[in-house]
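Breakdown of the fold
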Amino acid sequence: MSDYEPREIESKWQSRWAEDGRYEVDPSQSEATFVTVPYPYPSGGMHIGHARTYTVPDVWARYRRLQGDNVLFPIAWHVTGTPIVGAVERLKKREPEQMSVLQDTYNVSDEDLSEMETPMGFARHFIEDSYKKNMQSLGLSIDWRREFTTNDERYSKFITWQYETLKERGLLEKGLHPVKYCTNEQNPVTTHDLLEGEEAEFQEYTLVKFDWHAERSSANRSSGERSEPRAITVPMATLRPETVHGVTNAYIDPDAEYVEAAVDGEPWLVSESAAEKLELQAHDVEIRDHFSGERLVGEHVTNPVTGDDVLVLPANFVDADNATGVVMSVPAHSPDDWVALQEAKSAARRAAEQSSGQSPRDADDARMEKYGIDPEEVAEIEPKAIIDVEGYGEFPAEDAVVEHGIEDSSDPTLEDATQEVYNREFHSGKLRGMYGDYAGEIVEDVRDDLKEEFQEQGSFDTMHEFSEEVVCRCGGAVEVAEQDTWFLRYNDEAWKAKAHEVVAELDAIPENTREQYDHTIDWLNEWPCIRNYGLGTRLPWDDEFVIEPLSDSTIYMSYYTIAHRISDVPVEELDKEFFDTLFYGSEAQRASESARGDEPRASEAVDDPNETALALREEWDYWYPVDYRCSANDLVSNHLTFFLFHHAELFDPANWPQGITVMGMGLLEGEKMSSSKGHVVLPENAIEKYGADTVRFFLMNSAEPWQDYDWRSEQVESTGNQLRRFWNRANEIISAPEGERDLQRIDRWLLSKLQRTVREVTDAMDRFETRTASQAAFYGFEEHLKWYRKRTDTDRPGARWTLRTVLNARLRLLAPFIPFMATELHERLTGNPIAEAEWPDVDSDFESTVTEIEESLVEGLTDDVRDIVNVTDTDPETIRVYVAADWKRQVLAAVVDTGSNVGAVMGEVMQDEELREKGDEVNQLVQKLVEDVRERPDEQVAVLADLNEVEVYEDARDFFEREFEADVEVYREGEDASDPEDKAQHATPLRPAIHLEG
């Protein structure tokens, strides 16, 4: 027996698989199975979270190969977009954070850094030195002939075909559209480009255009020279345009920077950042003056809807970077506005008292005086009730503040109270009489109409903001920009309907993700699909633009099928007709398919097909559709749904995706992994320390694929120790004589447990439940073996035969999880590669519910005796076992025949005169047995009445005597039994009575 040296074994099999081209697959007579996973984006190195992502489909691929399938598991490299470009720019500048990630986290040498100052040099480093090496070390069964990058010439021709086709079908349009825009790179970005704010949503603010009649111009303010009043618009942003009648005052940050700007020719006062955002959002903006917010403090602005003049107050809580930087206050219906107004009134009251010497001064009071604000005017501001909502009084905001016990604006519950009032008013609040035709209407029902009406009157405008801060991977701020862009029309109803059809037929794992796909399909609108620069495919009809990353990664799975062969085709031949032929075939083929009654294809076939494309089509046709796509759960709302949309449109139903398995997120020692903070584990380090099989097995065994998992070094170490013990036990079996098939009851029990395990593991693997499968195949069966080794002499010829038979099957069950160890041991055991073996079938000859129940009786009796020994602290010399009397077995038979209805069973047994005479004793036994039977599966219940308990315990006598170092006597209650303490009467079927003596 050799010591377990994982790296030595792994290197051996990696080399042999590579030399044999073990996972290079071509069409054959076997059933095709095609599994894919998102191709990596090599803007950094591979960490242990990625290792799990790519091991999940590998485990399933290996399982299907053992089932006899011809399995294709390919990989490629996604380099489209700007993250790699941005990473190179940061590298060239030798930015400290970037250098730390590269050198401290991913151990990039100085020599390699010099080769990484081009985008593809950067990508190639991480492809070759990180991802590919680690994937090979992990034993991923990838067909490496098919790898490509997304800026390869031929792949770009494939993407060109896709977008020309979608444009022809009217699913691409050009127009103004809000996009995420990196102000640093000056380029649209998408989710994959973001460092923070991946979940941020576009919010459309209504701008209420208040008027300010400025009395001083910027040129003569300092000299005091008077100028003619002129109107300036002061737009104030709100998500609640229906509250415009309730405005009582406004707030501005007196210390922040503001501008006067001509916005589409109209003079506006907004914050500096707002002016920049408005320009991004397709407004013509010309800055005319710069000043602090102090300029507006104490001034009055006019509500464009009510005509009321409202006072502008200073407030540090105003965020000048949010929306326009000036906010309107509706204290009757917004708890935060209510609290702010009360605090302003308190400051005004104190300021008034100071003027008469009644109270000391503080900062807020001094501010009132500084800005020349009349305390009496502030004191006179009163809330205006505009919405009635059940459960609140005249001022819902006041009620909410009282209810939550809020005392000042620093209370963290203020935000919750504000949201609570907002929700209730939106869904059930009724507008008051000042809203004219809208009076009495529910806010939710009329908000959009009211907003549109005021917008048409010129009182309202709009601007977009994000729901949270968004930061690009380059470190730049991301803002909402409106750009004239090309976008995919995911709002097209016919396209949505087809996408829903795909979901309806999809094997969604887990099942609850199905509704997530449907929900995403429903809310998806236009999707901007281009950006100004970066790596990737140029927009075919406008090469100033590049197709963005999420938009070029929708049907690339189809490219895998021919990637290794299309390299022989001249690039100039790869036109639209070539790909139409490849994916839609020729007219002749179409006619043949129609004659067979096959479903028509999604597009027109080609009259004069390219013969090379027709040849490639055969391979595509063999492998497609994708059987399973394994991908991250957070991609349901974008990539995975796009994947469904594009397949629905470009391919026929027969080639739509068959299944998607989503995967959860990874933690490291209980915390989120972070490359930038160095909080990651590199696969190469983990593999070197623990071995690839240990890494794989821990990742698969710690959680089901769709669940989050936690990499904990102590647990990984424990997993490695358990695999080492398995290796040692297996080699003991392999090195022992083979034995012969001379089976005892305990051997048949273990072989029956093996069949049950094969069934459980197979069912779990079919559902992608890798944790359930690996737990059953490894840990669950180890418990059976522990009992088996305790129960019998494993040197028996029958036991040696049984253990070899079990090991042979278990190695095949475990091969998808620990391929190196399983392959090595299987070859040692059988002399044949595991690649030539088959997944174990359930052998019905070895399945025996009776044998398993019989052994459970032995185990149960062992536990009961041990419990009594422990409780009584005795060391018995004799153990007497009393099996239930025949009449009790008769009652059990009635329960089995009649079912678990106590009344029905009693009706049956009371027909027997002998049982009827036992009366209450029978009634108690029936209730006990019914309870026992209810807890058992039907297959067990069916055989309970046929069990011979005396024979079972007699057969196990030697085991009991070894286990307890005592004599064991087995009796049947009511027969000639030694029963000094009258214990036998307590025996029930399946639960003998016990007496200890000595």
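Residues numbered from 1 in each chain as written. Predicted model: local features only at pLDDT ≥ 70, side-chain atom pairs only at ≥ 80, totals over all residues. Heavy atoms only, no water.

This part is about the overall build of the protein chain. Looking only at helices and strands, one finds 37 helices and 32 strands in the protein chain. Whereas a compact globule of 998 residues would reach a radius of gyration of roughly 30 Å, the protein chain reaches 38 Å, over 25% beyond that. Each principal axis of the C-alpha atoms in the protein chain carries an extent, and together these give about 125 × 80 × 65 Å. Taken across its 998 residues, the protein chain has 56% of its residues classed as buried. In the protein chain, once contacts between residues fewer than 6 apart in sequence are set aside, the share between residues at least 24 apart is 77%. With the model as given, the accessible surface of the protein chain reaches about 42,600 Å², and the carbon-plus-sulfur share is 41%. One way to put it: in the protein chain the 98 positive side-chain charges average out to a point 5 Å from where the 210 negative ones average out. (Helix = DSSP H or I, 4+ residues; strand = E, 2+ residues; numbered from the N terminus. Rg over C-alpha atoms; globule rule 2.2 N^0.38 Å. Buried < 20%, exposed > 50% of the residue type's maximum accessible area, 1.4 Å probe, protein only. Contact = heavy atoms within 4.5 Å. Areas by Shrake-Rupley, 256 points an atom, 1.4 Å probe, with all protein chains shown as cover. Lys, Arg positive; Asp, Glu negative; His and termini not counted. Charge placed at Lys NZ, Arg CZ, Asp CG, Glu CD.)

Turning our eyes to something else, we now look at helix α24 (residues 692-701). Within α24, 10 of the 10 residues are buried, leaving the element largely enclosed by the surrounding structure. Along α24, the positions that sit buried rather than exposed are A692, D693, T694, V695, R696, F697, F698, L699, M700 and N701.

One open sheet accounts for three strands, arranged β22-β24-β23; its pairing is antiparallel. Pairing within the sheet leaves two strands with one partner each, and these edge strands are β22 (530-531) and β23 (538-539). Relative to strand β24 (residues 542-547), β23 runs antiparallel, the two being bridged by two bridges. Paired with R538 across the strands is V546, a residue of β24. (Pairing = 2+ DSSP bridges.)

Let us now look at the sheet that holds strand β30 (residues 878-883). Taken together, the three strands give an open sheet; going across it, the order is β31-β30-β32, and neighbouring strands pair in mixed fashion. Looking along the sheet, the strands with just one partner apiece sit at the ends: β31 (967-972) and β32 (993-997). For this sheet, the mean angle separating the axes of adjacent strands, direction not counted, is 20 degrees. Sheet topology note: the β30/β31 ladder contains six bridges and is parallel. From the neighbouring strand, Y882 faces β31, where its bridge partner is Y971. (Axes fitted to C-alpha atoms, helices over the stretch in contact; angles between N-to-C directions.)

Bridge analysis of strand β6 (residues 202-214) against strand β17 (residues 460-466) gives seven bridges, and the strand direction is antiparallel. Among the inter-strand pairings, T206 is bridged to a residue of β17, identified as T462. Relative to strand β7 (residues 230-238), β6 runs antiparallel, the two being bridged by nine bridges. What sits directly across from A214, in β7, is R230.

Okay, the confidence of the model for the protein chain next. Model confidence for the protein chain is summarised by a mean pLDDT of 91, while 95% of its residues fall at 70 or above. Predicted confidence for residues 217-223 stays below pLDDT 50, and this span has nine contacts to residues more than four positions away or in other chains. (pLDDT = per-residue confidence, 0-100.)

Take the pattern of salt bridges next. Within the structure shown, the criterion is met by 61 salt bridges. Across the pair E854 and R745 runs a salt bridge, and its minimum N-O distance is 2.4 Å. One end of the pair, E854, is in helix α30 (residues 849-872); the other, R745, is in helix α26 (residues 745-766), with 109 residues separating them in the sequence. For E997, the salt bridge goes to R880, with nearest N and O atoms at 3.0 Å. You can see E997 sitting in strand β32 and its partner R880 sitting in strand β30, a full 117 residues away along the chain. According to the relative accessible area criterion, R880 is buried, its value standing at 7%. Linked through salt bridges whose partners overlap, the residues forming this network are D26, D143, R145, R146, R565 and E619. (Salt bridge = Lys/Arg side-chain N within 4 Å of Asp/Glu carboxyl O.)

For T80, the position within the fold is in the loop between β2 (70-72) and α3 (83-92). For T80, a relative accessible area of 0% gives the class buried. In terms of polar contacts, T80 uses its side chain to reach the side chain of T150, at 2.8 Å. Polar side-chain contacts of T80 include one of 2.5 Å to the side chain of D552. (Polar contact = N/O pair within 3.5 Å; in protein donor to acceptor, adjacent residues only side chain to side chain.)

Here the focus is empty space enclosed by the protein. Counting across every chain of the model gives two cavities of 30 Å³ or more. The volume enclosed by the largest cavity comes to roughly 40 Å³. For the largest cavity, the full set of lining residues is R889, L892, L944, A945, L947, E949, P989 and L990. Grouping the amino acids of the lining of the largest cavity by side-chain chemistry returns six nonpolar, no polar and two charged. (1 Å grid on protein atoms, 1.4 Å probe; cavity = no way out; pocket = protein on both sides within 12 Å on 5 of 7 lines; lining within 4 Å. Points joined across faces, edges and corners; volume = space filled by probe spheres on them. Nonpolar A, V, L, I, M, F, W, Y, C, P; charged D, E, K, R; others polar.)

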